[in-house]
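Structure at a glance
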Amino acid sequence: MTAIQDQLCLKTGATRTGCYGTCPAYLVTIHGDGRVEYNGKSHVKEMGTREGRIETDKIRALASVFAKMKFWGLAEDYSAAKCKGRVCTDMETAITELSIRGVTHRVKHYYGCGSAPKSLFDLESVIDKSANSEQWTGDVSNAGPYGTTCSGGN
């Protein structure tokens, strides 16, 4: 292991669940050694498992994003049941997990929860870009729920 890999010892994973519609469902995991694991479930270009690699500078940049957004201080659950404020139905959920040196923090983010921090959406996007998930998911920018109903505050 190189010094940076030993220093980071990180493993981050992002799970995307489906929705009532065409939301992509997959899991992508980035390991501190640069290994990327992907498992496509539905509404993605590549179904099943794939592997890739990323450079150490991307791992360092990703670790920096986690630190800047204070990921360890985020609530663990932004689900519809725990959401404070506006809630929209039939959206997907992203589950982001970071493990460093045996310490893990996991955040469940239901996209219909209006009180989830914007930085969480940004982080989920950075994880996908760092892992180059689009090579396996395809362009999912127009995928989504068939329809939503929103209620509650802002």
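In this report, the structure presented in the accompanying data block is examined. (Residues numbered from 1 in each chain as written. Predicted model: local features only at pLDDT ≥ 70, side-chain atom pairs only at ≥ 80, totals over all residues. Heavy atoms only, no water.)

1. Digging into the pairing of strand 4 (residues 48-53)
Sheet topology places strand 3 (residues 35-42) next to strand 4; six bridges connect them, and they run antiparallel. Paired with Asn 39 across the bridge in strand 4 is Thr 49. In this structure, the hairpin formed by strand 3 and strand 4 is closed by a connection of five residues, where His 43 is found at a positive phi of approximately 55°. (Pairing = 2+ DSSP bridges. Helix = DSSP H or I, 4+ residues; strand = E, 2+ residues; numbered from the N terminus.)

2. Some points on the state of the cysteines
On inspection of all chains with the given rule, the structure shows three disulfides. The disulfide partner of Cys 19 is Cys 23, and the gap between their sulfur atoms is 2.1 Å. Its S-S torsion of approximately 90° makes the covalent link between Cys 19 and Cys 23 right-handed. A residue is classified by how much of its surface remains accessible, and Cys 19, at 19% relative accessible area, is buried. The connectivity of the disulfide bonds within the protein chain can be written as 1-2, 3-5, 4-6, using the sequence rank of each bonded cysteine. (Disulfide = S-S within 2.5 Å. Buried < 20%, exposed > 50% of the residue type's maximum accessible area, 1.4 Å probe, protein only.)

3. Observations concerning the environment of Glu 134
In this structure, Glu 134 sits in helix 4 (residues 134-137). For the pair Glu 134 and Glu 46, spaced 88 residues apart in sequence, the C-alpha separation works out to 9.7 Å.

4. Considering helix 3 (residues 118-131)
Between the first and last C-alpha of helix 3 there are 20 Å, a value that for 14 residues agrees with the 20 Å anticipated at 1.5 Å per step. By the burial criterion, the buried members of helix 3 are Leu 120, Leu 123, Glu 124, Ile 127, Asp 128, Ser 130 and Ala 131. Angular distribution of buried residues about the axis of helix 3 spans 165°; they occupy a single face of the element. Of the residues in helix 3, the exposed ones pointing more than 90 degrees away from the buried face are Lys 118 and Lys 129. Once helix 3 finishes, Asn 132 follows within two positions and takes phi at roughly 55°, a positive value. (Expected span 1.5 Å × (residues − 1). Arc of directions from axis to C-beta.)

5. Concerning the side chain of Glu 124
Of note, Glu 124 is situated in helix 3. Of the side chains with opposite charge, Arg 16 lies nearest to the buried Glu 124, which makes no salt bridge, at 5.2 Å. What Glu 124 contacts, discounting residues up to four positions off in sequence, is Arg 16, Ala 94, Thr 96, His 109 and Tyr 111. (Lys, Arg positive; Asp, Glu negative; His and termini not counted. Salt bridge = Lys/Arg side-chain N within 4 Å of Asp/Glu carboxyl O. Contact = heavy atoms within 4.5 Å.)

6. Comments concerning the environment of Val 140
Inspection of the secondary structure assignment puts Val 140 in the loop between helix 4 and strand 9 (150-151). Look past the residues within four positions of Val 140 in its chain and what remains in contact with it is Pro 24 and His 43.

7. Looking at the layout of surface pockets
Here the largest pocket defines a volume of roughly 490 Å³. Along the walls of the largest pocket sit 23 residues, with Arg 16, Tyr 26, Ser 125, Asp 128 and Val 140 positioned nearest its centre. When contributions to the lining of the largest pocket are tallied by element, the ones reaching two or more residues are helix 3 and helix 4. The leading source of residues in the lining of the largest pocket is helix 3, at five residues. The residue inventory of the lining of the largest pocket, partitioned by class, reads nine nonpolar, seven polar and seven charged. (1 Å grid on protein atoms, 1.4 Å probe; cavity = no way out; pocket = protein on both sides within 12 Å on 5 of 7 lines; lining within 4 Å. Points joined across faces, edges and corners; volume = space filled by probe spheres on them. Nonpolar A, V, L, I, M, F, W, Y, C, P; charged D, E, K, R; others polar.)

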